[in-house]
Every structure is written in structure tokens, then in C-alpha cells.
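Coordinate analysis (summary)
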Amino acid sequence: MAPLATGPGNSIEGARRALAARLQSAGIDDAALDARLLVGAALELDLTGMVTQAARQLTREEAVRLEGYAQRRLAHEPVARILGEREFWGLPLRLSDATLVPRPDTETVVERALELFRERTISDRRPCIADIGTGSGAILLALLHEIPEAFGVGTDVSPAALGTARGNAAALGLGGRAAFVACSYAAALAGPFDLIVSNPPYIPSGEIPKLSIEVREHDPHLALDGGNDGYDAYRVLIPQAAERLAPGGALIVEAGQGQAADIATLMTAAALTVDRPAKADLAGIPRAVSAQKMPP
Ligand code: SAM
Ligand code: GLN
């Protein structure tokens, strides 16, 4: 068997550095962070453990496990897929083949929602929330975590994704306030809801082959594909949401890059009021588009 570049005979610190260098020379973004996460996972150590045991040698078993992870990352499998887990809004979420890896950009939707609750645009007294296309449950579970009186329902067309979301709700102690329903967008929901959120599929079909390997070969296409122009989901879910909002309720959707203005137009056409600019993500891209259903 060829010697393992990551040990044994390598210290934890040495293995981490060696892996970071290999990932970097293979053109992997965030090589240092990925190396730290993979070493931590292979050795079942948190950051403190890795620091305090930096000089310890890897066992043969640890080195073999780490090399397996390294090979997968070098083949462009995302770290979140290798670990089967990703943090969103500080909450650990399990993933499955049916769920998108939740993105930090999507936290902008949670931020906009909390802004509306804080300003009392929507009441935080027992609010009823729907998350359309919930995937791992990321947005819904972040909101239920932040708003202790809230109750929420997540929908998805993928029963497997709903199973993952249910497991995440239970693991986070939020299962008693969350329900999950298999349907297309909001079709099976009656409402009224105080808040409807969604990060729908929005990539134009023709753009999918141009995405990174990490996304196009590892995220489910059902979670990405927004049809010819990318707006198929918005055209269905915005009118559905407008019908199901309580008077005074709000809709917040994630927008792909360059989509915010057209989404606002679809919201206005559904008789919703877009009363503030979209909230930008950390890269400055308008990401969370929101609108209110004005009381009659
Ligand atoms: N909300 C999760 C997040 O932000 O990480 C997942 C978002 S992912 C971009 C879109 C989700 O919509 C996927 O889970 C996908 O299965 C689901 N989806 C696709 N078409 C749908 C439809 N017609 N009705 C309901 N959900 C759908
Ligand atoms: N934000 C994801 C990406 O660009 C796409 C998710 C979506 O279509 N909503 O990879």
C-alpha cells in the first residue's frame, strides 16, 4: 500500500497542514478551513481538542479515515456532504442526498424575518410560519429557534428531504412546534400564515452545467433548477403565498443574483406591498426580498 500523505508518523498539526497544502494546490477554496474540519471529523476532535493534542501522532486507523476524506474532498465533494452535517444559523443540521447544503446567504432571509418581528410589522405572539421548499428545514428551524412561541410548517416535494427536516427538528428540540407536509409549494396548506418564507430553486436550467462540481454533482437538481429563466418557482409560489397570508402578514423569499427586482414585480402583481429594499447578503447581493399583505 502506498504511504499515506497524512501519516501515521504525522502529528495532528502536521496532518492538518499537509492536508491544507494538498487541498490548496488542487485549487480547493477554503483549503485551510476544510482541512481543519476534515481532521476534526476523522479524529472526532473539536477545535480545542485539535489544539491541545496538536503534537499527538495519528493512529493508523485515523490516518486511513482522514485519507478517505481527503480523497473525497480532492474529488470536489463538499465537506458538508463528507460530514453529513452543516451548521446554519449556529444550529447543526443533518443532511441527506435529498437536501441542499444550506448556504450562509440564506441566513439573510432569517435576518429579514427577525427584523420584521422586531419592528412589530409581524407579531411575535404565537406566529404561524410556513417554509416552502424546506429542504433540511434550515430556515424554518432557525426561526422556531429564535421565536419561542412560533409554530411552523415546512413543505417539500421530496419525502426524503422532509424526513431529514423532521429528524433535524426533533434533534433540536423543535419537533413539537414543527410540522412537515409533502406537497408542491404551498398547495396543501390552508393558512392563514403570519409569515411565509422560501428559498426556492432559482438557477436557470441552462446554467446548472456551469456550476461548480461541488454544487452540480452534489446538490439535488430538484433543489436548484428554476426552469428556463429561473423564475418557475416564484411564479407559482408568490400568488399561492399571497392567498395564504393573514392580513398584515409577510412573505420573504431568497433571490438569486440579479433576480430581486423581477421578484418584487411578481409580488406586486400578486397584490403584495414591497415596502423596503431587498436585504443584501454579506457579498452585497440583494438576497431577501420581502413584501406585506396589507390589511383591507
Ligand atoms: N430551504 C432549504 C434551504 O434554504 O437550505 C432548501 C432550499 S432548496 C434551494 C429548494 C427546495 O425546494 C428543495 O428542498 C426542493 O426539494 C424543494 N422543491 C423543489 N420543487 C418544489 C415544489 N414544486 N414544491 C415544494 N418544494 C419544492
Ligand atoms: N444558492 C444556491 C447556489 O447558488 C442555489 C439555491 C437555489 O436555487 N435556491 O448554488
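In what follows, the structure referred to is the one given above.
I will try to describe carefully the structure that is included in this document.

What counts, and at which threshold
- Residues numbered from 1 in each chain as written.
- Chains lettered and ligands numbered in written order.
- Predicted model: local features only at pLDDT ≥ 70, side-chain atom pairs only at ≥ 80, totals over all residues.
- Heavy atoms only, no water.
- Helix = DSSP H or I, 4+ residues; strand = E, 2+ residues; numbered from the N terminus.
- Rg over C-alpha atoms; globule rule 2.2 N^0.38 Å.
- Buried < 20%, exposed > 50% of the residue type's maximum accessible area, 1.4 Å probe, protein only.
- Areas by Shrake-Rupley, 256 points an atom, 1.4 Å probe, with all protein chains shown as cover.
- Lys, Arg positive; Asp, Glu negative; His and termini not counted.
- Charge placed at Lys NZ, Arg CZ, Asp CG, Glu CD.
- Near = heavy atom within 4 Å.
- Polar contact = N/O pair within 3.5 Å; in protein donor to acceptor, adjacent residues only side chain to side chain.
- Nonpolar A, V, L, I, M, F, W, Y, C, P; charged D, E, K, R; others polar.
- Disulfide = S-S within 2.5 Å.
- Expected span 1.5 Å × (residues − 1).
- Arc of directions from axis to C-beta.
- Contact = heavy atoms within 4.5 Å.

In this section: the overall build of the chain. Helix and strand counts for the chain stand at twelve helices and nine strands. The C-alpha atoms of the chain give a radius of gyration of 21 Å, which matches the 19 Å a tight globule of 296 residues would have. Projecting the C-alpha coordinates of the chain onto the three principal axes gives extents of approximately 70 × 40 × 35 Å. Out of the 296 residues belonging to the chain, those deemed buried represent 50%. When the accessible surface of the chain is split by element, carbon and sulfur atoms take 54% of a total near 13300 Å². Charged side chains of the chain number 28 positive and 36 negative; the gap between the two group centres comes to 2 Å.

Here we take up the site of ligand 2. R103, N199, P200, P201, Y202, I203, V215, A223 and L224 make up every residue found near ligand 2. A distance of 2.9 Å separates an oxygen atom of ligand 2 from a polar atom in the side chain of R103. At 2.8 Å, a side-chain N or O of N199 approaches a nitrogen atom of ligand 2. For ligand 2, the accessible surface in isolation is 300 Å², of which the surrounding protein chains cover 87%. Its residues assigned to classes, the shell around ligand 2 shows seven nonpolar, one polar and one charged.

Our focus in this paragraph is the site of ligand 1. What surrounds ligand 1 is a group of 17 residues, the closest being G133, D156, Y185, N199 and A223. One of the backbone N or O atoms of Y185 is found 2.6 Å from a nitrogen atom in ligand 1. In isolation ligand 1 exposes 590 Å². Once the protein is present, 95% of that is buried. Each residue belonging to the shell around ligand 1 can be placed in one class, and the counts come to ten nonpolar, six polar and one charged.

Enumeration over the complete set of coordinates arrives at zero disulfides. This cysteine, C128, is not joined by any disulfide, and C183 carries the nearest cysteine sulfur, 14 Å off. Take C183: its relative accessible area is 11%, and that puts it in the buried class.

Our next topic: helix α8 (residues 159–171). If you check α8, its first and last C-alpha atoms are 18 Å apart, about what 13 residues at 1.5 Å a residue would give, namely 18 Å. Buried residues of α8: A161, L162, T164, A165, N168 and A169, and no others. Considered in projection along α8, the buried side chains sweep an arc of 160 degrees and stay on one side of the axis. Facing away from the buried side of α8, by more than 90 degrees, are the exposed residues P159, A170 and A171. Tucked inside the fold, the buried residues of α8 contact β2 (91–94), α7 (138–146), β4 (151–156) and β5 (178–182). Just downstream of α8 lies G173, where phi reads positive at about 75 degrees.

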